[in-house]
There are 2 protein chains.
Amino acid sequence: MRTWRVVLVGFGTVGRGVAERLRASAGELESLGIAPRIVGVLDPRLGSVAAPSGLDPASLLQAAEGEGDLTQVPGALACEGGVAGVREIQADVVFELTPTNLRDGQPGLDHVRAALENGRHVSTTNKGPVALAWPELRDLAAANNVQLRCEGTVMSGTPLLNVCEAGLAGAGVRAVRGILNGTCNYILSRMEEGMAYDDALNEAQRLGYAETDPSGDVEGWDAAAKVAILGNLVLGGSLSLADVERGGIDSVDLDAVQNAVEGGKRLRLVGSVERGESAVTNARVTLEELPQDDPLAAVSGAGNLLTFETDALGAVSVAGPGAGRAETGHALVADLIAIHRAELS
Amino acid sequence: MRTWRVVLVGFGTVGRGVAERLRASAGELESLGIAPRIVGVLDPRLGSVAAPSGLDPASLLQAAEGEGDLTQVPGALACEGGVAGVREIQADVVFELTPTNLRDGQPGLDHVRAALENGRHVSTTNKGPVALAWPELRDLAAANNVQLRCEGTVMSGTPLLNVCEAGLAGAGVRAVRGILNGTCNYILSRMEEGMAYDDALNEAQRLGYAETDPSGDVEGWDAAAKVAILGNLVLGGSLSLADVERGGIDSVDLDAVQNAVEGGKRLRLVGSVERGESAVTNARVTLEELPQDDPLAAVSGAGNLLTFETDALGAVSVAGPGAGRAETGHALVADLIAIHRAELS
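In this text, all values refer to a predicted model and were calculated from it rather than measured experimentally.

> Before we move on, could you go through the overall build of chain A and cite the residues and values that matter?
Of the regular secondary structure elements, chain A holds 14 helices and 13 strands. Relative to a compact globule of 345 residues, whose C-alpha radius of gyration would be 20 Å, chain A shows 20 Å and is just as compact. Taken over the C-alpha atoms alone, chain A extends approximately 65 × 45 × 35 Å along its principal axes. Long-range pairs, those at least 24 residues apart, make up 71% of the contacts in chain A between residues at least 6 apart in sequence. As presented, chain A carries roughly 13000 Å² of accessible surface, and 45% of it is formed by carbon and sulfur atoms. One way to put it: in chain A the 27 positive side-chain charges average out to a point 5 Å from where the 46 negative ones average out.

Below is the structure:
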C-alpha cells in the first residue's frame, strides 16, 4: 500500500467533488494499492489548513458547507495559503483546482510551477496553465522527474487523456475533433427548436450552464483552450491558446441555425486539431454545418463528444459529461491512479 | 528498452493485422521502451516456425500471402505447432489468434492454458477461452504471475477493457450496455429501410460482415460471449456463456422493425450486464425497442457502441469499429503496451 499525500488548492465545487470521490472510491483505490491522505487544503475564502496525519474528507465537507471555516476541522492547523502553502506542505501530489483564467493563467500557473519545482506531481482541472504555458510546464515536470496531468480540463472526468495513453498509443492518432463546450451546444440545440439566441443564453444562465459573463463560453475561449490542451497532450504539440483560430456562437443568427436544420444539417461549434507533417497544425474552433450522420451532429443539449481519427481504428468516439461536481472530482482520482501506475513503471 | 519476445498462434487475417501494426507502430513502441520481437508463428495451414533472434514482419506477410509457406522466411526454423509450440518456444507473450469456438473453446483454450502454465503473458482475440473458462484462466494467470488480456475480443481494438483500468477505475461502473454485433446491427438497419430479413442477411454475407453459417451472429452467440467477457473483465464477475440470457435477430420480422420506426423508435440487439448487490447479474442479449434519443439507437450499419453506467460520470459511451484487420491487429499492440506497463508496476 502506497500512501499518497495530497494537497488541494481550491475547495470550491471541484475541490468538494474531489473529497467526495476520494471517499466514494476509497475501497477501489485500496484494491489498487493506493491510500490517499489529504495533508492540506488551501482556499482563499475558507482558510488554509495542513495536517501531516491527514484530514478527514467528510469533516472538510462539513466545515466548508457549514461555518465556512476549514480551521474548525479536527486536527487542522492553520497555514499559509497559495504558493507558500504549496511549497511548504510536504506532499506527493498537488491538486490545482482554482478557477480558469485564460488571460495570464494566474493564480493557478504559479501554484503549478511551485508544485513542480518542489518535486510534487500535479493534477489540475485548471485550463489556464496547460493552455497557456504547456512547453514550460512540461519541461519543468520532466526536469523535476514528476508528472503533470490534467484529465479534468477536457470533458471533466470522462476518460480521454489517460485513454490515449492506455488504449490509443500505437494506433496512430492523426486528429482530434469534438463538441467541447456544453453551453454553446445547449444554446445551439435550443435555437434549433426555434428559440432566439438571447433567450437561449438566458435559459442556459438560469440552468447554471453559462456564467453571468458568458463570453468565455460563447466567444469560443473555453473550447479553444481545450483544443490547445488536446493538441499538446494527445498529439504531442507545443501549442498556446494564441495558436488556436477561435470562433464562437455569439454572432450566430436564428435563421442560419434553422436553415441548417431545414437542409438536413446541424450547426455545431467544433474544436479540432491535427498532426501535420512536422508539427501539430490546424488548431481551431469554428461553427460548422454538419451532415446529420456526423457523430458530432448527434450531440444535443449540454453533452460533449470527442472523436479521435486514427490510422489503425478509423474513428473512435467518446461521449460523456462536460461538467459537474462528481464528474470533475473523478478526474483527479483518475489522475492519481495514473500517477501511481506511471511512477511505479 | 525492453525486448518482448512474442509468439503468434494463428496467422490468418488477425495475425497478419498484428504483424502490420507492429511494423506501423514500431517508432511509437520504441518511444515507450518496448521492442517487440516475433520469435515464433504457429499456423496449421502455413506452417510453424521459430527464430530466437526474431522474424521480420514484412517477410512473414510476404510468405503468407505469396507461397503460403512460413518456412521460407529468412531465419525461420520449422518447429512444432499448437500446444507443443506454445510450450517450447521461449517467449514472454503469446498472442492467441485462432478462430473463436464457443462450444468448447478449442483449440484456443489449450493454447491459452499452455501459455499461462509456462509463465507467458497472453493477449487473445479469441472469445472462446475468455467467455467459457474465465475463472479458471484468471486464477491460472494469477498463480503463474502473468497477465491475461483480451482487448480485441470486444469491438476489435477500440479502447474498452484497458480504458476501464485506466480511466474508469474509481468511477464506480455499475453496468455496461452496448451494440456488440455489427452484423446484426447492419441487418436491422437495412430492414428499417424496408429490406426483408433474408435479403439483408444475403447482402451482409456478400459484404463479408456475416459468415456462410450466420448462426453465431444472428442467434446472438457472438454478442452473448462479449457480454460474458464484459461482465468478467469490467465488473469483476465469474460468468460463463451459459450465464447469459441470449436472444437473436433470426426470428425478427420486417413488420416489427418497421412498426418501431413508425413509432419513432428503433429495434436493436442490445447486450447488457450489471453489478448486483453481491454478484454480477442480468447478463443478457435481447432485442429492445429503443427511443431515438438513446445513444444505442443512433448506431446504424455495422458500427459498435458501448455505454458504461457509472456513479461518478453518469453515462460514458465509446463508439468504434467492431471488426477489421488493422482494427483487431491494434488490440494486440494495445495489450502489449498494457502488459509492459503493468509488469513494470
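> Describe in detail helix 8 (residues 161–168) of chain B, supporting the description with residues and values.
Note on helix geometry: an α-helix contains 3.6 residues per turn, so any two residues three or four positions apart are oriented the same way. Among the eight residues of helix 8 of chain B, seven are classified as buried, and the element is accordingly described as predominantly covered. Positive phi shows up at glycine 170 of chain B, right after helix 8 of chain B, with a value of about 90 degrees.

> Could you give an account of the domain arrangement of chain A, naming the residues involved and the relevant values?
Residue and element names in this part refer to chain A. When the domains of chain A are assigned, the result is domain 1 (2–158 + 325–344) and domain 2 (165–320). Once you take the C-alpha centre of each, domain 1 and domain 2 turn out to be 28 Å apart. In this assembly, 14 residues from domain 1 lie in contact with 22 residues from domain 2. Around 1400 Å² of area is buried between domain 1 and domain 2 when both sides are counted, 70% of it from carbon and sulfur atoms. At the junction of domain 1 with domain 2, the criterion picks out two salt bridges. Note that glutamate 165 and arginine 149 form a salt bridge whose closest N and O atoms lie 3.3 Å from each other. The interface formed by domain 1 and domain 2 includes five residue pairs in polar contact (both at pLDDT 80 or more). If you list the elements that add at least two residues to the side of domain 1 that touches domain 2, you get helix 6 (127–132) and helix 7 (134–143). For the side of domain 1 that touches domain 2, the leading source of residues is helix 6, giving four residues.

> Lay out the sheet that holds strand 1 (residues 2–9) of chain B in plain terms, naming residues and giving numbers.
Residue and element names in this part refer to chain B. An order of 4-3-2-1-5-6-7 is seen for the seven strands of this open sheet, with the pairing classed as mixed. In the strand order of this sheet, the two ends are held by strand 4 (77–78) and strand 7 (148–149), each with one partner. Bridge count between strand 2 (residues 34–43) and strand 3 (residues 47–50): four bridges; the pairing is antiparallel. The partner of aspartate 43 across the bridge, within strand 3, is glycine 47.

> Please give an account of unusual backbone geometry that cites residues and values.
Residues and elements named next belong to chain A. A cis geometry characterises the amide bond from glutamine 106 onward to proline 107, with omega recorded as 0 degrees. Structurally, proline 107 is set in the loop between strand 5 (93–96) and helix 5 (108–117). Its identity as a non-glycine residue notwithstanding, asparagine 145 has a phi of 60 degrees, on the positive side. If you trace the backbone, asparagine 145 turns up in the loop between helix 7 and strand 7 (148–149). Positive phi values are uncommon outside glycine, yet methionine 155 reaches one of about 55 degrees. The residue methionine 155 is located in the loop between strand 7 and helix 8 (161–168) in this model.

> Could you give an account of the pattern of salt bridges, naming the residues involved and the relevant values?
All names here are of chain A. Under the criterion given, the structure shown has 40 salt bridges over all chains. One salt bridge connects aspartate 92 with arginine 2, and the closest N-O pair in it is separated by 3.7 Å. Placement of the pair is aspartate 92 in the loop between helix 4 (82–88) and strand 5 and arginine 2 in strand 1 (residues 2–9), with a sequence separation of 90 residues. The class of aspartate 92 is buried, set by a relative accessible area of 14%. Taking the shortest distance from any N to any O, the salt bridge between aspartate 294 and arginine 177 comes out at 2.9 Å. Residue aspartate 294 is located in the loop between strand 11 (280–291) and strand 12 (304–310), and its partner arginine 177 is located in strand 8 (residues 173–179); the two are separated by 117 residues in the primary sequence. We classify arginine 177 as partly exposed; its relative accessible area is 21%. Connected through shared salt-bridge partners, Arg2, Arg5, Asp92 and Glu343 make up one network.

> Tell me what's going on with the packing of helix 9 (residues 182–192) of chain B against helix 13 (residues 254–262) of chain B, and back it up with residues and numbers.
Residues and elements named next belong to chain B. Direction vectors running N to C along helix 9 and helix 13 enclose 70 degrees, while the axes themselves pass 9 Å from each other. One finds that helix 9 runs roughly perpendicular with respect to helix 13. Of the residues in helix 13, those touching helix 9 at Leu188, Met191 and Glu192 are Leu254, Val257, Gln258 and Val261. Counted by class, the contact of helix 9 with helix 13 contains five nonpolar, one polar and one charged residues.

> Pulling in residues and values, what's your account of the nonpolar core?
With 149 residues, the main nonpolar core has Phe308 of chain A together with Phe308 of chain B as its most contacted residues. Once residues within four sequence positions are removed from consideration, phenylalanine 308 of chain A is found in contact with Leu160, Cys164, Leu168, Val173, Ala175, Val176, Val234, Gly314, Ala315, Val316 and Val318 of chain A.

> Just give me the short version of the interface of chain A and chain B, but keep the residues and values in it.
Facing 35 residues of chain A, the contacting portion of chain B comprises 35 residues. Where chain A touches chain B, the interface holds twelve residue pairs in polar contact (both at pLDDT 80 or more). Looking at the side of chain A that touches chain B, the elements that each hand over two or more residues are helix 8, strand 13 (314–320) and helix 14 (325–344) of chain A. The leading source of residues in the side of chain A that touches chain B is helix 14 of chain A, at seven residues. Of the residues belonging to the side of chain A that touches chain B, the class tally is 18 nonpolar, eleven polar and six charged. Direction of pairing for strand 13 of chain A relative to strand 13 (residues 314–320) of chain B: antiparallel, over a ladder of three bridges. Bridged to serine 317 of chain A within strand 13 of chain B is alanine 319 of chain B.

> Any chance you could break down the relation of the copies chain A and chain B for me, citing the residues and the numbers?
For the pair chain A and chain B, the relating rotation is 180 degrees, the translation along its axis is 0.0 Å, and the fit reaches an RMSD of 0.0 Å. Here the symmetry operator amounts to a two-fold rotation axis.

> An account of the environment of cysteine 150 of chain A is requested, with residue identities and associated values reported.
Residues and elements named next belong to chain A. Here cysteine 150 lies in the loop between strand 7 and helix 8. Expressed as a C-alpha distance, the spacing of cysteine 150 and asparagine 126, which sit 24 residues apart in the sequence, is 7.8 Å. Residues in contact with cysteine 150, not counting those within four places in the same chain, are Thr124, Val130, Leu161, Ile229, Leu233 and Asp335.

> How would you summarise the state of the cysteines if you had to cite specific residues and measurements?
Inspection of the entire model under this criterion finds zero disulfides over all chains. The closest cysteine sulfur to the non-disulfide-bonded cysteine 164 of chain B is located on cysteine 150 of chain B, 11 Å from its own sulfur.

> Could you give an account of the side chain of arginine 120 of chain A, naming the residues involved and the relevant values?
Residue and element names in this part refer to chain A. By secondary structure assignment, the location of arginine 120 is in the loop between helix 5 and strand 6 (121–124). Buried charge without a salt bridge: arginine 120, with aspartate 92 as the nearest opposite-charge side chain at an N-O distance of 7.4 Å. At 2.6 Å, the side chain of arginine 120 forms a polar contact with the backbone oxygen of arginine 87. A distance of 3.3 Å separates a polar atom in the side chain of arginine 120 from the backbone oxygen of asparagine 118. Excluding its chain neighbours within four sequence positions, the residues that come into contact with arginine 120 are Val86, Arg87, Glu88, Ile89, Gln90, Ala91, Asp92, Val94, Ala115 and Val146.

Calculation notes
- Residues numbered from 1 in each chain as written.
- Chains lettered and ligands numbered in written order.
- Predicted model: local features only at pLDDT ≥ 70, side-chain atom pairs only at ≥ 80, totals over all residues.
- Heavy atoms only, no water.
- Helix = DSSP H or I, 4+ residues; strand = E, 2+ residues; numbered from the N terminus.
- Rg over C-alpha atoms; globule rule 2.2 N^0.38 Å.
- Contact = heavy atoms within 4.5 Å.
- Areas by Shrake-Rupley, 256 points an atom, 1.4 Å probe, with all protein chains shown as cover.
- Lys, Arg positive; Asp, Glu negative; His and termini not counted.
- Charge placed at Lys NZ, Arg CZ, Asp CG, Glu CD.
- Buried < 20%, exposed > 50% of the residue type's maximum accessible area, 1.4 Å probe, protein only.
- Domains from an automatic or database assignment.
- Buried area = accessible area lost by both parts, 1.4 Å probe.
- Salt bridge = Lys/Arg side-chain N within 4 Å of Asp/Glu carboxyl O.
- Polar contact = N/O pair within 3.5 Å; in protein donor to acceptor, adjacent residues only side chain to side chain.
- Pairing = 2+ DSSP bridges.
- Axes fitted to C-alpha atoms, helices over the stretch in contact; angles between N-to-C directions.
- Parallel < 35°, antiparallel > 145°, perpendicular 65-115°, else oblique.
- Nonpolar A, V, L, I, M, F, W, Y, C, P; charged D, E, K, R; others polar.
- Core = buried A, V, L, I, M, F, W, Y, C linked by side-chain atoms within 4.5 Å.
- Least-squares fit on C-alpha atoms with pLDDT ≥ 70 in both.
- Disulfide = S-S within 2.5 Å.

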